[in-house]
Structures are given as structure tokens and as C-alpha cells.
Amino acid sequence: MTKKTLVLATHNEHKSEEIKAIIGDLIEIKTLSDLNFNEEIPENGLTLQANALQKAKYIHNILKQNCFADDTGLEVTALHGDPGVFSARYAGEPSNPKNNIRKLLHEMKGITDRTAQFRTVISVIYDEKTYFFEGSVTGRITTEPRGEHGFGYDSVFIPDGYEETFAELSAEEKNKISHRSRALAKLRTFLLEHTR
């Protein structure tokens, strides 16, 4: 039986590796790099769901293949949910993770409530129908970056039940508990039902 293919609408190689590791060999994940698709994908929605859907629709309309996209935000309680949907470009254009972290820690200076959550929304267009899957993980923001692994805000986020930041955990440990892995587990269940 030929394995079904699902196109991942991202140019982010870190994200691609993480997603492939979690989905496993259930379905063939093709990245935009695999397809030599180098166009910038529009991403100007005001919610994570809107962004995920916008990216998935954009790729689906061009490539005419089953595809999915995700959008992830770090939502900090004391900052009223910011940076949220603007997490990737919190410190402005172009997106720069170190500048984003610097700005976040500056905004959090002197704040004792450091609770936050990472939230991921996945939008899937499969056989011309649209589906959404969501995952989140709660934790707290550190006062300085720690760890060498991961990407984005991983070095300043400690998930509940741990003393290490996401960037101090191995990829395997992070993938067991992360927001993205929780959303992808729901996608995996969906694919199991639809690829038999």
C-alpha cells in the first residue's frame, strides 16, 4: 500500500524535524524544502487558528495536496496573553529569537507572576475538508535564558513539573510533553483513522 503524503506548510527546519519525529512513519511528511517551494507564506491573522488556516489554505491552493500548518504562541499571564499570536515577531521584523527573548525578559522585569503557556493550533486540509487540533503546556518564565537545545522561547520556559527549561531538555523529553506534541498526537489519531 502506498503511504499517503501530507505537506507541511513551513520553512522552519527546526519545526519540521520536531514534527517528523512526533508523527513518525505513519504518513510521509513533505516539507516545502522537499518540494523546492521557496515562496514566503502569508501570516497576518489575529489568532493562532487564523494564521494556521491561512498558511494551510495558501499552500493547498497552490500545490493542490493534502497539507497542514501550525501556529504557536507563548501566552504570558502577566502580559495579558502577549506575545501570543505575535510571538515570532515580538521584537519586530525580521523575526529574531534572541531579540524576542530580550524583549520578553525586559517586559517581565520585577514581575513575580511568571506563569505562561505555550499553545499550538494545527490546521489540516485533508481530502478538501478542514480540521483543527490544539495542544498546550503550562509553565513559567525564567529570569534568564538557560539551555542550548530547542528554538524560539524554549530557553526561558520551564514546563510545570520540571526544573529545566525546554532548551535544557533533550528533544525526546521535550517531544513527550510539548504543546506541539499534544496537538500532533490529535493529528496522528486523525491520520490513523483516515489512512487505513
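What you see is a predicted model; the values in this text were computed from it and never measured.

This brings us to the packing of helix α1 (residues 13-23) against helix α5 (residues 179-194). Relative orientation of the contacting elements α1 and α5 amounts to 50°, with a least axis distance of 10 Å. Our classification of the angle between α1 and α5 gives oblique. The two elements α1 and α5 cross, and the hand of that crossing is right-handed. Between α1, through Lys 15, Glu 18, Ile 19, Ile 22 and Ile 23, and α5, the contact on the second element is made entirely by Arg 180, Ser 181, Leu 184, Leu 187 and Arg 188. When its residues are assigned to classes, the contact of α1 with α5 shows five nonpolar, one polar and four charged.

So, on to the UniProt feature "active site" (unreviewed entry) in the chain. The positions that UniProt labels "active site" (unreviewed entry) are, in the present scheme, Asp 71. The residue Asp 71 is located in strand β3 (residues 67-76) in this model. You can call Asp 71 buried: its relative accessible area is 5%. If sequence neighbours within four positions are ignored, Asp 71 has contacts with Glu 43, Thr 47, Leu 48, Asn 51, Ala 52, Lys 55, Val 85, Arg 119, Thr 120 and Val 121. A polar side-chain atom of Asp 71 sits 3.0 Å from a polar atom in the side chain of Asn 51.

By the element assignment, Thr 31 lies in strand β2 (residues 28-31). Spatially, the C-alpha atom of Thr 31 lies 19 Å from that of Ala 185, the residues being 154 residues apart in sequence. Excluding residues within four positions of it along the chain, Thr 31 makes contact with Leu 8, Ser 16 and Lys 20.

Residues spaced three or four apart along an α-helix face the same direction, because each turn holds 3.6 residues. Along helix α3 (residues 97-107), the positions that sit buried rather than exposed are Asn 100, Ile 101, Leu 104 and Leu 105. Considered in projection along α3, the buried side chains sweep an arc of 125° and stay on one side of the axis. Looking at α3, the residues exposed on the side facing more than 90 degrees away from the buried face are Lys 98, Arg 102 and His 106. Residues of α3 that are buried in the fold lie against β3, β4 (83-84) and β6 (129-141).

Rules of the game
Residues numbered from 1 in each chain as written. Predicted model: local features only at pLDDT ≥ 70, side-chain atom pairs only at ≥ 80, totals over all residues. Heavy atoms only, no water. Axes fitted to C-alpha atoms, helices over the stretch in contact; angles between N-to-C directions. Helix = DSSP H or I, 4+ residues; strand = E, 2+ residues; numbered from the N terminus. Parallel < 35°, antiparallel > 145°, perpendicular 65-115°, else oblique. Left-handed = near helix turned anticlockwise from the far one by under 90°. Contact = heavy atoms within 4.5 Å. Nonpolar A, V, L, I, M, F, W, Y, C, P; charged D, E, K, R; others polar. UniProt positions renumbered as here; feature names shortened; annotations may be inferred. Buried < 20%, exposed > 50% of the residue type's maximum accessible area, 1.4 Å probe, protein only. Polar contact = N/O pair within 3.5 Å; in protein donor to acceptor, adjacent residues only side chain to side chain. Arc of directions from axis to C-beta.

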